[in-house]
Structures are given as structure tokens and as C-alpha cells.
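Inside the fold
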Amino acid sequence: MTEPLLAVDDLQVAYHRVAVALHGVSLRVMPQTIVALLGNNGAGKTTTLRAISGFIGLDDARVTAGSIRFAGQRIENRPPHANTARGVVLVPERDKVFPNLTVAENLTVAASSRARAAERRNLEALVFQFFPALADLRPRLAGLLSGGERQMLALGSAVLCNPELLLVDELSLGLAPVVVEDLTRRLSSIRRELSITILLVEQNAGVALTVADYGYLLENGRVVLEGDASQLRGRREIQEAYLGQVSGEERRSYRALRPAPERPHG
Amino acid sequence: MSDGSSHAREMALLGTPRARVRFAIALAALVALPFVATPFQLDLANQVLLASIGALALMLLTGFAGLISLGTAGLLGAGAYTVGVLVREIGAPFWVTLPAAAALGAALGLVFGLPSLRLRGLYLAISTLGLHFVVVYLGGEYEARSTLSTGVMIDSPSIGGWTLSSSRAWYFVLLAFSALALLVSVNLQRTRTGRAWRALRERDIVASALGIDVQRFKLMAFMVSATMTAVAGALFAYFRNFVSIDAFSLYLTVQYVAMIIIGGMGSIAGALLGAGFVILFPYAIEAIAGYLPARFGNTVFALDYAAFGVVMILFLLLEPGGLIGILQRTGRGKNGSKTSSGIAS
Amino acid sequence: MSLQLVANVVVLTAIYALVSTGYVLVYRVSRVLNLAHGELMMVGAYLLVATAGMFSGDPLLALLLAAICGLVMGIVVYVVLMRWMTGEAVLAAVLITIALGILLRGLSILIWTTQQFYPAAIFGWHNPPVKVAPGVQISAASLAMVVLTIVVYGGLFIFLQFTRWGVRMRAAGQNPLLAEQRGIRLHGVYAFAWGLSTFTAALAGMLLALDSGVESTMATIGLKAFPAALVGGLDSLLGAAIGSAIVAAAEIAAIQYVNPLLSDVVPFVVLLIVLAIRPWGLFGSREQLDRV
């Protein structure tokens, strides 16, 4: 049984020391797999990612209990640059590029630290291989890119940080389905070519489950369901509650479909 | 960041019998003071009372309504100069000059407050800074024109045959004004205005969504605060019998800002504590300077500057809740309640 | 306007522009308004007095030494003080800089007293007037100031646009959290920005000292340069240069045609006008207003 690359145990996160966002989340991400983190707005997906990446100071939040272990080492409440140095790289949901820098400058900034010059050049070549459109966009200001182009730049910048674990927050948000399909294909090839591990947060379960190997469903700061992607796809609850999101159907709570013992709210 | 609990404490202060006893004791002590203190101590007390008016005014504006202002010195100067100009030009008595100062203060409050309708935080502070320089310039112009480059001498105010000049008499006058300022502050805190100001401080977008007329309340906050400050300035002119534009520097503004920070933002008691601290601080430094080698002892004001800067930095870094924060923390063990006040973000 | 007046405007523009670079660097990179900048400039000038005393026969060495001390001073200020305010409310950070300014002013007087110093005299240099055009002359130190300002602006532009550190600093200014995530150490970038800021301030202070001496009220010039930076948009070097020209022209015109006493207040009148019409300055963006 291989060791998980990322092990989150009973993670609790609180905002402003008062409002609790995560009530004990546990998950495992095996090396070189793509794991999907599903759930509605406010389920705690982004908070989980932020806790793992160290981005958590953004909203004055803190990990108040539990642990996050990356390659055996505890990384909770560490600053973002330390986690990046270890190989945990985040593509955030918003503010994912430097708007007043050109595409080329955005990529330069990302490639700064870890790798040696030869490694850097390899990675850069790979990035333009995954995202050929970026080559033509090099002189353009990142703030003027389209949504899809910006996401490509964000992914490319993240790859240039030489990640072992890539965290992607809301790959598909605000993008047309055709663009999303394209991006998920590229994400798969990135995983294959670089042998990296990906943790993907998505509101759109359909998109996520096409590319993921394993999945977790979060609701109100807790994991309520987990399993292989193929299993999850077949679950009626997921289909009814989440796959209808793209067409704007009314979202229903998982709990409404399957009565469960009442749990106290945090 | 919320002073809801200090609100409750204020109400409780006059509510419970124990609080009333404490209030009575404090009142007795205040009244007795001028009869037991030395002349030097009495003068110090007078300075603290005078400063507390300006401190309360600034606290209402910045601590309560969250509107940053660096214009205190300008407003104090405006009030002081109203007295100076009126006394010198037309020999006006105090019952003309004081209301005139108040009126000018209100008008200036409107002017200082206009930027707040569009600007927030840092930019608002900068605009009040600009206005400070304009006021200082106008005062300097007046001094230059009237060929009294050293300032304006003012006689003590008098009614009938009696002149207000003794420290003891001043004490009660200043106590009265300071109590008035305190009452205004406490009352505003409880009323709709106070609640509106607090809402402003948190989030004016939310406030306007709640139907609060943001513009009107912002201007009102500035006008009330400026009026109080200008009156304090006028009193200052009579108290020192002298007005000169040099006294109204940026450093004076910073001292008042320090009062509400060191005392504790958003707290009436904090403003009073802060006023006491900042006024007494130079004297403490002067006392220490006596023990230092002569070279340092000779430039006491520089030592004062340096020490003041250090203390301000220490409070900003280590104790943003100010003296009130310290008191609350040490008192927490007793009653178990937890409050926090700090610089509004 | 006579040519001499134009020359005066150019010199004053250079002074304000050089001082403004400090405001812009710190604000652009770390979103902090450093209101101690004037005092830091003054300390830079005093540093020259100190090094001039030590190396009176070798002015260039003294200048270089003082400038390097200026750079180090900024880094020290960040590491010892401002670092703790990173991530805190911006207003608190600004208040700390005000307190720092007061502290520096007090310390300067304690160390150097209120006496006026003339580093030029210490070097035995007479600061001769230089004829730049028929009927137009400015002091040699002023000419040096203009040249130096152009060099500094050019250097900063190249640095920020074309070097890796420069791009990192710009990135950190735009999105600090993302910068951290991409491996940029914010503390390092901020410390360097502060160091550069006090470096240029020290240069300005030294040249002013060579021109007209040093004394403790020198810091006011630093405060007067602030409106110039604001007019330009607080995070734009080009804007600071243009803003400096506007403020300098207004000030000289007011002194010449209206009233010499206006000299200290004109920059702030310009400030108020800009805040009333276009608060985010010439090259700033509207979002800036909400960030603070």
C-alpha cells in the first residue's frame, strides 16, 4: 500500500477565530492521481485548498485543529512560499495572474525560485507545449486576456513552479463548456507528462469526474461522501444534486436526499 | 472591533448602585482636587481637562464614526484664532468669541467633511492633512499682515468685575466644559446618530443599504467633532492668554491622534486616559532628563520627540487596544468578559 | 515666464521628483504610505555631514558611503519595524511611519543639535553658479540634482521593467498573496523596496545639503514632495515626475506672481484640487481608492 502524497486528517479551519468553516475534513491523495473535491458554494472546498497551500491568511483564517501532511511533513499554517518550495502549488480561483504584467513576465516571475536553469528551460518548453496559444500571447498584458487564456496562463505559471502537487481551485468557473473540455484534457496530459498529482476543486461535478480518479464530496465543512470517480458518477445523489448545475437547476442539499442524523452546526 | 460591550459598560456605569457609588466618589475627588493639589499639579490637571475635549472630539470622529482626520491642529488653531482676531480687532467679549469659534468650527467641519463623501481611509486622512496646511497658512498670513509676528495677546475673559484668571477658577470652568463634552459624547453614543456612526465605521456600503443617509451622518460627525475642537481651541487661547500659529503644528495633531490610540480607539474612557497620558508624558521625560548627561538634558524637547515616537510605536505594535485594552485584559480575570478594541481596519 | 523662472521650475521639479521616487517605491510594492520619508531624507543629509567630517578630503567617498548607509537604513527600518505591520491594516502602518518620523526628528536633534551644517564647506567646495543659458544660472549642486534625478529615473525604469528582481517587485505590488505563492518572499522584496526608497531619499538629501545646508526643518521638503507623488497616482514613477513638474510650476508661479509666503501651502492646495477632481491621480486606477 503506497503512502499518500497528501494526507489531511480531521482538519478544522476557523475564520476570524469565530466562524468555523471546516469541521474535521479528512482526505487522502495518492501520488500521480487526480482527486476531485466536490461540493456547493460554501461547502468548504476553497477553504480546504487554501489551508493546504498556505493561502489561508487571505481571510484571516487559521487551521485550528487537525493536520495536513505532505510527503510525511506537516505543512499546516506555513507561509505560501514555503509550501511552494516544497512543491505544493496553487492555482487560485480569483486573482490568479498578475494583471499589469505581460504573459511573458507572469511566466518569468513563476520560474524564479526552485529549479536550476536547465530544468527551468525544460519546464518552459513543456508549458508552451501544453498551451501553444500562450506563445503568441507573450507580449499581452495578463489583465486583458480572456477567461480561458487567463486560466491557461495560471496553469502554466503553476507548472513552472515545478510542482509535485498541483491544487486547482475551480477550473471551470465562468468558462464556456468547450473551453473547459479543452482545459481538462490538457490537465490530464500535464499529469501524465510530468507525473504530478492533482487535487481539483470543482462545483461542476460532471467536469471533475471525467478527469479524476477519486473524489470527495464536501458539504458544510465536512466530507459526506467519497469514492472512485466511476462509483461517484453513478451515485444518484451526485447526479441529482450536482450534475445539473451547468444548466442552472436548483441546487438541493445532499442531506435533503438522504436523511442523516442531525449534526450540530459549528 | 465592536464597542458594543463598552456601550453596555457605559450604560451600566450609571445603572447599578455600585456604579453610582463609584461615580459619586469620583465626583467628590474631582471637586476636591483644586483644594489639595499644588499649583503645578493644578495646572497639569487643567491642561489635561482642556486636552480631553479635543481628544473626545477626535475619538467621536475617528474612533466612533471611523472617519480619519489629521486636521485637529488646524481646527484648534481656527478656534484660537477666532478669539485672537475678534479680541484684537473689535475687543469682543467671550460670550461673542466662544460662539463665533463654535460657528467657525462647524463651518470648517463641513469643509473638512466634504472629502469624506468621496474618499475613505488613507485618502481621507491625506485630504484633512492638506486642509491643515491651508488653515495654518491663513493663520500665518494674518500674523504677518498684522505685524505681530510673535502672536496675539489676549486678556482673560471677564464678567462684570470678576476676571477668570486663577488656576482654581479655570479648573472648574474646564471641568464643566469637559463634562459637557463627555455628556455629548456619551449621549451621541447611545442615540440613533451614534449607532449610525458605528455602522459607518464598519462598512458604509452596508450602512447605506440599511437606509442610513451616509452623507448626512458623515458630515454631521465632522461638524460635531470640529465644533468641539474649535471651542477647545478658543478655551486654549483664553487659558494661555496668547495665540500664535506656531503652536498649531502637525506635531500637535499627532499628539491628539496618539491620545486616542494610546488610550484606546473607540472608547470614551480611552480618550480621557490618552489625554492624561500624552499631556503628562513630557513632564515625565523632563524629570528623567534631569538624570541624564547635560548634553541630552539641554535639548529636552528633542528627547521628548524621540521618547514620544518610541512610545507611540510601542503602543501601535504591541498594544493596539491602548491603555483601555491593557486595563480590560487585567480586569478580565475578575469578571470574565472579553472585549477588544483596536484600530478599525 | 522668463527663462530663469523656467530653470527654477526645472530644479524644483527635480527635487520633488527625486524625493517622490521613495514614496512611489514603497507604496507601489507594499501599499504603505511612508510619512517618515521626509525625516529619512533629512537623516541621509546628516549622514553626509558625518561622513564628510570623516573624509573631508575625499568627497566622492563620503557621498558614496553616505548613500550606502542610506540604503542600509531603509532595510533596517523595514526589518526592525515595518515588517511587523505587513498584513495589518494600512492605516496602522501609516501611523507607525508618522511615529517613526517623530522619533527620527528627535534623535537627529539629540545627535546633531539644531545647528545648521554645510557639508560643502567641509569639503571646501564653493558650489559655484553655473550658466546654463544666456541670462540663466543655477547652482552647481542644483545642476547635479537635475542630472542625478534623470539618471535615477532611468535606472529605476530599467530595473523595474527588465530585471528579474524588478518584475518580482512589480508582481508583489500587484498581488502579494499570489506572489508569495509563486515563490517570491514578500519580506525580502519589501525590505529591498524600503532600502531603495531611503537610498534615493539620501541622495536627494545630500544634494540639498550641498546646496543649502542641513538643519532639522529640512524634512518639510519631503512632505511637500508628497502631493507630487499623489498627483501622479502614488504608484507610478512617470506620474510622480509629471506631478512634480505640476507642483513645482504652481509653487514657483505663486511665489513669483502672488505671495512668497504661499510656498509651503501651494503643494497642498494642488493636493486638494487633485483629491477633489481625480483622487487616484493621473496614472493610478480607481480601485486604489477602495484598497485602503
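The rules behind each value
- Residues numbered from 1 in each chain as written.
- Chains lettered and ligands numbered in written order.
- Predicted model: local features only at pLDDT ≥ 70, side-chain atom pairs only at ≥ 80, totals over all residues.
- Helix = DSSP H or I, 4+ residues; strand = E, 2+ residues; numbered from the N terminus.
- Buried ≥ 20, exposed ≤ 12 C-beta atoms within 10 Å, placed from the backbone.
- Contact = placed C-beta atoms within 7 Å.
- Rg over C-alpha atoms; globule rule 2.2 N^0.38 Å.
- Pairing = 2+ DSSP bridges.
- Axes fitted to C-alpha atoms, helices over the stretch in contact; angles between N-to-C directions.
- Nonpolar A, V, L, I, M, F, W, Y, C, P; charged D, E, K, R; others polar.
- Core = buried A, V, L, I, M, F, W, Y, C linked by C-beta atoms within 7 Å.
- pLDDT = per-residue confidence, 0-100.
- Left-handed = near helix turned anticlockwise from the far one by under 90°.
- Expected span 1.5 Å × (residues − 1).
- Parallel < 35°, antiparallel > 145°, perpendicular 65-115°, else oblique.

1. Regarding the overall build of chain A
For chain A, the count of helices and strands is 11 helices and 10 strands. For chain A, with 266 residues in total, the buried portion stands at 44%. Relative to all contacts within chain A whose residues are 6 or more apart in sequence, the contacts with residues 24 or more apart total 71%.

2. As for the overall build of chain C
Helix and strand counts for chain C stand at 13 helices and two strands. Here the C-alpha radius of gyration of chain C, 19 Å, is about what a compact globule of 292 residues would show, namely 19 Å. With respect to the principal axes defined by its C-alpha atoms, chain C has extents near 55 × 45 × 35 Å. Relative to its full complement of 292 residues, chain C shows a buried share of 58%. Across chain C, contacts joining residues at least 24 apart in sequence account for 75% of those joining residues at least 6 apart.

3. Concerning the sheet that holds strand β3 (residues 34-38) of chain A
Residue and element names in this part refer to chain A. Ordered by their spatial adjacency, six strands build an open sheet running β6-β7-β8-β3-β9-β10, and the pairing between neighbours is mixed. Among the strands making up the open sheet, the edge pair consists of β6 (88-91) and β10 (222-228). Taken pair by pair, the neighbouring strands of this sheet meet at an average axis angle of 15°, ignoring direction. The pairing of strand β7 (residues 165-169) with strand β8 (residues 197-202) spans five bridges and is classified as parallel. Along β8, the bridge assignment pairs Asp169 with Val201.

4. Quick look at the interface of chain C and chain A
By convention, interface size is frequently given as the accessible area that disappears when the constituent parts associate. Of the residues lining the interface, 16 residues belong to chain C; the matching set on chain A comes to 25 residues. Of all the elements, helix α7 (residues 164-174) of chain C adds the most residues to the side of chain C that touches chain A, at six residues. Looking at the side of chain C that touches chain A residue by residue, the class counts come to five nonpolar, five polar and six charged.

5. Quick notes on the interface of chain C and chain B
Taken together, the contacts link 33 residues of chain C with 38 residues of chain B. The element best represented in the side of chain C that touches chain B is helix α4 (residues 90-112) of chain C, accounting for 16 residues. Residue composition of the side of chain C that touches chain B, by class: 29 nonpolar, two polar and two charged.

6. A short note on the sheet that holds strand β2 (residues 19-29) of chain A
Sheets are built from strands that pair by backbone hydrogen bonding, the pairs being arranged parallel or antiparallel. All names here are of chain A. Reading across from one edge, β2-β1-β4-β5 is the order of the four strands in this open sheet, with antiparallel pairing throughout. Bordering the open sheet on either side are β2 and β5 (73-74), each of which pairs with just one other strand. Relative to strand β4 (residues 61-70), strand β1 (residues 6-15) runs antiparallel, the two being bridged by eight bridges. By the bridge assignment for β4, Gln12 is matched with Ala65.

7. Some words on the nonpolar core
Core analysis: the biggest nonpolar cluster contains 294 residues, and Leu167 and Leu200 of chain A together with Ile15 of chain C have the highest contact counts within it. It is helix α9 (residues 186-212) of chain C that provides the largest number of residues to this core, a total of 18 residues. Beyond its immediate stretch of four places on either side in the chain, Ile15 of chain C contacts Met145, Ala204, Leu208 and Ile221 of chain C.

8. Some remarks on the confidence of the model for chain A
Residue and element names in this part refer to chain A. On average, chain A scores 81 in pLDDT, and the residues at 70 or more come to 83%. When pLDDT is averaged over each element of chain A, β7 comes out on top at 93 and helix α11 (residues 254-257) at the bottom at 46. pLDDT under 50 marks residues 245-266. Its contacts with residues more than four places away, or in other chains, come to 24 contacts.

9. A look at the environment of Gly266 of chain B
Residue and element names in this part refer to chain B. Turning to its location among the elements, Gly266 is positioned in the loop between α11 (250-263) and α12 (268-289). For Gly266, a count of 29 C-beta atoms within 10 Å puts it in the buried group. Separated by 11 residues in sequence, Gly266 and Gln255 have C-alpha atoms that sit 17 Å apart.

10. Considerations on the packing of helix α5 (residues 94-113) of chain B against helix α10 (residues 214-240) of chain B
When two helices pack together, their arrangement is given by the angle between the helix axes and the distance between those axes. Residues and elements named next belong to chain B. With their axes 7 Å apart at the nearest point, α5 and α10 run at an angle of 145° to one another. As for how α5 packs across α10, the hand of that crossing is right-handed. Partitioning the contact of α5 with α10 into residue classes produces 17 nonpolar, eight polar and one charged.

11. Regarding unusual backbone geometry
A positive phi is found at Asn220 of chain A, a non-glycine position, where the angle reads about 50°. Tracing the sequence through the fold places Asn220 of chain A in the loop between β9 (214-219) and β10. Owing to 19 C-beta atoms within 10 Å, Asn220 of chain A belongs among the partly exposed residues under this scheme. The phi dihedral of Asn127 of chain C is positive, around 50°, even though this residue is not glycine. Summarising the element assignment, Asn127 of chain C is placed in the loop between α5 (119-123) and β1 (129-133). The class for Asn127 of chain C is partly exposed, based on 17 C-beta atoms found within 10 Å.

12. Quick notes on helix α6 (residues 121-145) of chain B
The end-to-end C-alpha distance of α6 of chain B is 37 Å, a good match for the 36 Å that 25 residues give at a rise of 1.5 Å each. Extensive coverage of α6 of chain B is indicated by the burial of 18 of its 25 residues.

13. A look at the environment of Ser212 of chain C
Note on placement: Ser212 of chain C falls in helix α9. Along the sequence, Ser212 of chain C and Arg170 of chain C sit 42 residues apart, while their C-alpha atoms lie 36 Å from each other.

14. Side note on the packing of helix α4 (residues 72-90) of chain B against α6 of chain B
All names here are of chain B. Direction vectors running N to C along α4 and α6 enclose 25°, while the axes themselves pass 9 Å from each other. With respect to each other, α4 and α6 are oriented roughly parallel. For the crossing formed where α4 meets α6, the hand is left-handed. Where α4 abuts α6, its residues Ala73, Gly74, Gly77, Ala78, Tyr81 and Val85 lie against Leu131, His132, Val135, Val136, Gly139 and Tyr142.

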